[in-house]
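Summary of the model geometry
For reference, the chains in residue letters:
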Amino acid sequence: MTNNHDTGAVNELPENFDELKRAANRTSSWRDRLNAVNELGNWDTAPTIQVLHNVLKNDQVFQVREAAYRKLKQLDEDVQMPAKSKGELFKGLNKVLLRIKKSLPEGHTFEQFKEKLQKTRLDIYDTYEGDKDAEFDSWLHGIWETLGRK
């Protein structure tokens with residue numbers, strides 16, 4: 001970190017800092033993490049910047065990492081633009097999805113599969129929904145169609 005955080009209009013923690021910190025780490029909602037990052041980026045303090053650095057380094061959803069990067073740049077931090085993850089964000093994803101598909105009755109619909117994934121593995125559902133954005137449904141549908149084919 002290069003900023004001494006003693007200058008700027010805002011030098012105190014937001015009243016809801018603990019709540020924002022929890023939201024920035026909430027694995028069940030990339031939208032909550034994104035909102036928390038955007039709010040934390042308005043506060044030029046060492047603790048808020050530390051949370052933003054953690055998000056930039058560790059979040060699985062590119063949009064959230066990118067927002068943390070932009071906020072840190074606005075706060076004059078020396079950071080690098082994050083790279084978009086390639087490949088599986090969760091190890092063994094196809095095995096998990098195949099298990100979910102096999103747990104459903106023969107002839108189930110894609111919507112049933114999608115709903116079961118969301119209920120049983122919200123972490124996977126949410127991460128890929130954030131990562132794939134508008135292409136999420138078509139990506140998941142393509143996987144659903146090919147799962148279990150030989």
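See the structure printed just above.
Residues numbered from 1 in each chain as written. Predicted model: local features only at pLDDT ≥ 70, side-chain atom pairs only at ≥ 80, totals over all residues. Heavy atoms only, no water.

1. Topic: the packing of helix H6 (residues 110-120) against helix H7 (residues 122-132)
In the contact formed by H6 and H7, the axes pass within 5 Å of each other and the chain directions differ by 110°. By the angle between their directions, the pair H6 and H7 is classed as roughly perpendicular. Here H6 contributes Lys114, Leu117, Gln118 and Thr120 to the contact with H7, which in turn contributes Leu122, Ile124 and Tyr125. Residue composition of the contact of H6 with H7, grouped by class: four nonpolar, two polar and one charged. (Axes fitted to C-alpha atoms, helices over the stretch in contact; angles between N-to-C directions. Helix = DSSP H or I, 4+ residues; strand = E, 2+ residues; numbered from the N terminus. Parallel < 35°, antiparallel > 145°, perpendicular 65-115°, else oblique. Contact = heavy atoms within 4.5 Å. Nonpolar A, V, L, I, M, F, W, Y, C, P; charged D, E, K, R; others polar.)

2. Comments concerning helix H1 (residues 17-24)
Within the span of H1, buried status applies to Phe17, Leu20, Ala23 and Ala24. Down the axis of H1, the sector holding all buried residues measures 125°, keeping them to one side. Residues Asp18 and Arg22 are exposed on H1 and point more than 90 degrees away from its buried face. Residues of H1 that are buried sit in contact with helix H2 (30-40) and helix H3 (46-58). (Buried < 20%, exposed > 50% of the residue type's maximum accessible area, 1.4 Å probe, protein only. Arc of directions from axis to C-beta.)

3. A few points about the packing of aromatic side chains
Tallied over the full model, the rule gives five aromatic pairs. Ring centres 4.7 Å apart and planes at 15° place the aromatic pair Tyr128 and Trp139 in the stacked group. Of the two residues, Tyr128 is situated in helix H7 and Trp139 in helix H8 (residues 136-146); the sequence distance between them amounts to 11 residues. With centroids separated by 6.1 Å and ring planes inclined at 35°, the aromatic side chains of Phe136 and Trp139 adopt a geometry described as tilted. Placement of both Phe136 and Trp139 in helix H8 is noted, with a separation of three residues, approximately one turn of the helix. (Phe/Tyr/Trp six-rings, centres within 6.5 Å; stacked < 30°, edge-to-face > 60°.)

4. Brief notes about the pattern of salt bridges
Tallied over the full model, the rule gives eight salt bridges. Of the charged contacts in the structure, one is a salt bridge between Arg26 and Asp32, with a shortest N-O distance of 3.3 Å. Residue class for Arg26 comes out partly exposed when judged on its relative accessible area of 31%. Looking at Asp32, the relative accessible area reads 30%, which means it is partly exposed. With a shortest N-O distance of 2.5 Å, Asp59 and Arg33 are connected by a salt bridge. Taken together, the residues Asp59 in the loop between H3 and helix H4 (62-74) and Arg33 in helix H2 connect sequence positions 26 residues apart. For the pair Asp59 and Arg33, a shared accessibility class is recorded, and that class is buried. Residues joined in a network through salt bridges with shared partners are Arg33, Asp59 and Asp126. (Salt bridge = Lys/Arg side-chain N within 4 Å of Asp/Glu carboxyl O.)

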